[in-house]
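Residue-level listing of the chains:
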Amino acid sequence: MDLKYTRKNVYKEADGKQLEAIFDFAEGYKKFLDSSKTERDAAITAKKLAEEQGFKPFSFSEKLKAGDKRYFINRHKNVFLIRVGKEDVAQHGVRIMVAHVDSPRLDLKPNPMYEDNGLCYLKTHYYGGIKKYQWTAIPLALHGVVVLRGGERVEICVGEDEDDPVFYITDILPHLGAEQSAKPLAKAIDGESLNAVIGGLPAVSEDGEEDKEAVKTAILKLLNQKYGFTEVDLQCSELCFVPAGKARDVGFDRTLISAYGHDDKVCAYPEMRAIFDYDSPHTMIAVFADKEEVGSDGTTGMQSKVICDVIDTIAASFKANPIEVRYNSKCISADVTAAYDPAYASVFEKRNTTFISCGAAVSKYTGARGKSSTNDAPAEFMGFIRDIFDDGKAVWQVGELGAVDVGGGGTVAKYIANLGIDTVDVGVPVLSMHAPYELISKADIYSLYLACLAFCK
Ligand code: MN
Ligand code: MN
């Protein structure tokens, strides 16, 4: 019996076979990530993978039975994967795993396009918590959809192929940056200066009149030829800039991955794989949530009633009382947390933080200023989680997001818990969270996969 607790490092404990499993799993994740930069991209990827696994479209009016595998894509941005088990849902509830697939980025404004001194730009309004200075002078890709008059949807993705052009937000050169450098970091880059360069070739005038916006005219012509939309149609679009490029291994030993949007695709992928890979006796639901980075509101965020409607549909299929089903359900809110960073040690409390490569990160509570606005998982549910993770041989650790009163954060856990469902945060520790390229350990995403599998068992 170990009287004292010591945190385990996954790589230290792993044998050759386990190392191979860790590295294999990471290959699948990188592929998923590269095709899932936005919530819309992730929904398309999830649908494709679910269909390959024999999942069929879900309907609110259908009667489900044990063995059924369903996917529900809510408004292109929010995914529910449902796998109906043999166990009685009234007595045992359903088991839910929720991760979000939206990540901080730069959304286009509704009237984004303008020309200034021979260059054409798109204006942005940032989405989620970003450090603005990190988004200048890096290659950006444009992702999203434009809805044409009549309802036709035009999907756009420019900047991800090797041959694609990218887009670029300028920053001031250090030679002239003395005043900027003297400002506090948060004030150094103004939100209204996050405008991306999208072109510089003026259109040739057709009527001999001088066009003061000849570059903009040329770009609009080009866009109209390629996608069929005009400037006003941008008011009916959701387009955003995300960092261009693919997920990359980091380190001579390739133990880490840097990529855009680990938060929170690094949790979405393992929960999806767990529901695919294990035929559970429980009825399992894996959710890809949208809008987490901006408060989980709206039809596709976790504050929406849609998750209740999905649970109610399952309950109705078995003539079970939906209140009883919810009360007996359990949920893993799978979201990332801050990994201890020795370069910024003062914002952490070392005994109560999570460490890179030390396994799935369990947060009993999140919140800020005296645990405000948090789901605080009950001790009894923490005990349940400990038992299943240990039995499932998932390496895990417990920590808080930063030291007391330094800051804080939240997840969707409270919205699920508010429905009367026992919920706890379990995720992956991330370095440089919310940066254009975040850093995670392959050991930790694999540990979360084992934890999700244990939750399915
Ligand atoms: Mn997150
Ligand atoms: Mn986040």
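Owing to the predicted nature of the structure, the values given are computational and were not obtained by experimental measurement.

Draft legend 1. Structural detail: the overall build of the chain. For the chain, the helix and strand inventory stands at 13 helices and 23 strands. Relative to the globule expectation of 23 Å for 457 residues, the C-alpha radius of gyration of the chain, 23 Å, shows essentially globular dimensions. Each of the three principal axes of the chain carries a C-alpha extent, and together these read 85 × 55 × 45 Å. Burial statistics for the chain: of 457 residues in total, 53% are counted as buried. Accessible surface, the chain: about 21700 Å² in total, of which carbon and sulfur atoms supply 52%. Taken as two groups, the 54 positive and 67 negative side-chain charges of the chain have centres that lie 5 Å from each other.

Draft legend 2. Broad picture of the coordination of the manganese ion (ligand 2). Asp 263 (OD), Glu 293 (OE), Glu 293 (OE) and His 434 (NE2) make up the full set of protein donors to the manganese ion (ligand 2), lying at 2.0 to 2.6 Å. Each donor residue of the manganese ion (ligand 2) lies on one chain, and together they are spaced D-x29-E-x140-H. The two metals, the manganese ion (ligand 2) and the manganese ion (ligand 1), are separated by 3.3 Å and share Asp 263 as a common coordinating residue. Of this pair, Asp 263 sits in helix 8 (residues 262-277) while His 434 sits in the loop between strand 22 (429-430) and strand 23 (438-441), and the two are 171 residues apart along the sequence. Using a relative accessible area of 3% as the deciding quantity, one classes Asp 263 as buried.

Draft legend 3. Structural detail: the sheet that holds strand 14 (residues 283-289). Pairing is mixed in the open sheet, where nine strands are placed in the order 1-2-3-14-4-15-21-17-19. Edge positions in the open sheet fall to strand 1 (56-57) and strand 19 (396-398), since each of these has one partner strand only. Judged from the three bridges that link them, strand 17 (residues 360-363) and strand 21 (residues 422-427) form a sheet pairing that is antiparallel. Bridge pairing in strand 21 links Ser 363 to Asp 425. Together, strand 4 (94-100), strand 14, strand 15 (330-333), strand 17 and strand 21 form the strand contacts of helix 13 (residues 442-456), whose direction differs from that of strand 4 by roughly 155°.

Draft legend 4. Summary view of the coordination of the manganese ion (ligand 1). On the protein side, the manganese ion (ligand 1) has His 100 (NE2), Asp 263 (OD), Asp 335 (OD) and Asp 335 (OD) as donor atoms, found 2.1 to 2.7 Å from it. Each donor residue of the manganese ion (ligand 1) lies on one chain, and together they are spaced H-x162-D-x71-D.

Draft legend 5. Just the packing of helix 8 against helix 13, in detail. Following both chains from N to C, one finds helix 8 and helix 13 inclined at 40°, their axes separated by 8 Å at the closest point. For the element pair helix 8 / helix 13, the angle class is oblique. The chirality of how helix 8 crosses helix 13 is right-handed. Taking contact as the criterion, the partners of Val 266, Cys 267, Tyr 269, Pro 270, Glu 271, Arg 273, Ala 274 and Asp 277 in helix 8 are, on helix 13, Ile 445, Leu 448, Tyr 449, Cys 452, Leu 453 and Cys 456. Partitioned by chemical class, the residues of the contact of helix 8 with helix 13 number 11 nonpolar, no polar and three charged.

Draft legend 6. Broad picture of a nonpolar patch on the surface. Taken together, Ile 172, Leu 173 and Leu 176 make up a surface patch of nonpolar side chains, about 280 Å² in accessible area. Mapped onto the elements of the fold, Ile 172 is located in the loop between strand 9 (168-169) and helix 5 (178-181).

Draft legend 7. Seen up close, the state of the cysteines. Tallied over the entire structure, the rule returns zero disulfides. Take Cys 308: it sits in no disulfide, and the sulfur closest to it among the cysteines is that of Cys 331, at 12 Å.

Draft legend 8. Representation of the nonpolar core in the model. The biggest cluster of nonpolar side chains holds 63 residues, and the ones touching the most others in it are Tyr 29, Leu 81, Met 97, Phe 288 and Phe 389. Ranked by the residues each element gives to this core, the list is headed by helix 13, at 11 residues. The residues touching Phe 288, leaving out its near neighbours within four places in the chain, are Phe 32, Ala 42, Ala 46, Lys 77, Asn 78, Val 79, Ala 99, Val 101, Ala 268, Glu 271 and Met 272. Counting 35 residues, the second-largest nonpolar core is a separate cluster that includes Leu 148, Ile 189, Val 242 and Ala 244.

Draft legend 9. Quick peek at helix 2 (residues 16-34). The end-to-end C-alpha separation of helix 2 is 28 Å, in line with the 27 Å expected for 19 residues at 1.5 Å each. At the N-terminal end of helix 2, a side-chain oxygen is found 3.2 Å from the backbone nitrogen of Lys 17, two or three residues along, and the residue is Asp 15.

Draft legend 10. Expanded view of the pattern of salt bridges. One pass over the structure, following the stated rule, counts 27 salt bridges. With a shortest N-O distance of 3.0 Å, Asp 376 and Lys 371 are connected by a salt bridge. You can call Asp 376 partly exposed: its relative accessible area is 31%. What emerges from the salt-bridge pattern is a single network uniting Glu 27, Lys 30, Asp 249, Arg 254 and Lys 442.

Draft legend 11. Structural detail: the sheet that holds strand 11 (residues 237-243). One open sheet accounts for seven strands, arranged 8-7-11-5-6-10-9; its pairing is antiparallel. Every other strand in the sheet has two partners, leaving strand 8 (153-158) and strand 9 as the edge strands with one partner each. Bridge count between strand 5 (residues 105-116) and strand 6 (residues 119-127): eight bridges; the pairing is antiparallel. Along strand 6, the bridge assignment pairs Asp 116 with Leu 119. Seen against the sheet, helix 7 (residues 214-227) touches strand 5, strand 6, strand 8 and strand 10 (195-199) and runs at an angle of roughly 125° to strand 5.

Draft legend 12. Spotlight on the side chain of Asn 195. Considering the arrangement of structural elements, one finds Asn 195 in strand 10. For Asn 195, the side chain forms a polar contact with the side chain of Tyr 114, separated by 3.2 Å. At 2.9 Å, the side chain of Asn 195 and the backbone oxygen of Glu 192 are in polar contact. If we ignore the near neighbours within four places in the chain, the residues touching Asn 195 are Tyr 114, Tyr 121, Leu 122, Lys 123, Thr 124, Tyr 168 and Ile 169.

Definitions and cut-offs
Residues numbered from 1 in each chain as written. Chains lettered and ligands numbered in written order. Predicted model: local features only at pLDDT ≥ 70, side-chain atom pairs only at ≥ 80, totals over all residues. Heavy atoms only, no water. Helix = DSSP H or I, 4+ residues; strand = E, 2+ residues; numbered from the N terminus. Rg over C-alpha atoms; globule rule 2.2 N^0.38 Å. Buried < 20%, exposed > 50% of the residue type's maximum accessible area, 1.4 Å probe, protein only. Areas by Shrake-Rupley, 256 points an atom, 1.4 Å probe, with all protein chains shown as cover. Lys, Arg positive; Asp, Glu negative; His and termini not counted. Charge placed at Lys NZ, Arg CZ, Asp CG, Glu CD. Donors = N, O, S within 2.8 Å, 3.2 Å for Na, K, Ca; no water. Pairing = 2+ DSSP bridges. Contact = heavy atoms within 4.5 Å. Axes fitted to C-alpha atoms, helices over the stretch in contact; angles between N-to-C directions. Parallel < 35°, antiparallel > 145°, perpendicular 65-115°, else oblique. Left-handed = near helix turned anticlockwise from the far one by under 90°. Nonpolar A, V, L, I, M, F, W, Y, C, P; charged D, E, K, R; others polar. Patch = residues over 30% accessible without salt bridge, like charges linked within 9 Å, V, L, I, M, F, W, Y side chains within 5 Å. Salt bridge = Lys/Arg side-chain N within 4 Å of Asp/Glu carboxyl O. Disulfide = S-S within 2.5 Å. Core = buried A, V, L, I, M, F, W, Y, C linked by side-chain atoms within 4.5 Å. Expected span 1.5 Å × (residues − 1). Polar contact = N/O pair within 3.5 Å; in protein donor to acceptor, adjacent residues only side chain to side chain.

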